[in-house]
Amino acid sequence: VQLVESGGGLVQAGGSLRLSCELPDSTLAEHTIAWYKEPPGKRREHVAVIAGTGRTNYADAVKGRFTVSREHARRMVYLQMNSLKPEDTAVYYCNVDTGVGPGLPWGQGTLVTVSS
C-alpha cells in the first residue's frame, strides 16, 4: 500500500504549483499525513503536516508560502506551493506520519524543479 504523489513540474522562481497525494483507501482518511522533500544529494525532510482534524504545521522554511489541505471524501491531500524558490527544488513525497516516522512504504514522489 502506497500513497501516490502528483503535480510536480518545472516552474520559475516566484511561481506556484499544487501537489496532490492520493490516499489508497478510506482507512487513512483520519490519519495524519505529512509532506516531505528530498533535495538533490540531501536527506529527506519534513515540509508540512496535516492531522485528520485539519490542524496543520509547517517547516520554518515554507511558512507563509506553502499550504497543506485535505479532502476527506476524495481521499486527497494537497500541498499548495507559492512564491517558490530554487531551494525548494526536490522530490516531494507524502506519507502517513505516525509521530515517530513514516507509516507506509515510500511512493515514487513527484519532482519539483524551480529555476532561478
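Figured I'd write up the structure that's included with this text. Keep in mind that this is a model prediction, so the values were computed, not measured.

**Remarks on the environment of Leu3**
Looking at where Leu3 falls in the secondary structure, it is placed in the segment before β1 (4-6). Leu3 has contacts with Cys21, Glu22, Leu23, Pro24, Leu28, Ile33, Cys94, Asn95, Val96, Leu104 and Gly107, leaving out every residue within four places of it along the chain.

**Focus: the state of the cysteines**
Tallying each qualifying case throughout the model produces 1 disulfide. The partner cysteine of Cys21 in its disulfide is Cys94, sulfur to sulfur 2.1 Å. Handedness of the Cys21-Cys94 disulfide follows from its S-S torsion of about 85 degrees: it is right-handed. Separated by 73 residues along the polypeptide, Cys21 in strand β3 (residues 17-22) and Cys94 in strand β9 (residues 90-96) bring together distant segments of the chain.

**Observations regarding the sheet that holds β3**
In space, the 4 strands of this open sheet follow the order β1-β3-β8-β7, with antiparallel pairing throughout. Of all the strands in the sheet, the pair left with one neighbour each is β1 and β7 (66-71). Strand-to-strand, the axes of this sheet are offset by a mean angle of 15 degrees, without reference to chain direction. As judged from the 6 bridges shared by β7 and strand β8 (residues 76-81), these two strands associate in the antiparallel manner.

Conventions and cut-offs
- Residues numbered from 1 in each chain as written.
- Predicted model: local features only at pLDDT ≥ 70, side-chain atom pairs only at ≥ 80, totals over all residues.
- Heavy atoms only, no water.
- Helix = DSSP H or I, 4+ residues; strand = E, 2+ residues; numbered from the N terminus.
- Contact = heavy atoms within 4.5 Å.
- Disulfide = S-S within 2.5 Å.
- Pairing = 2+ DSSP bridges.
- Axes fitted to C-alpha atoms, helices over the stretch in contact; angles between N-to-C directions.

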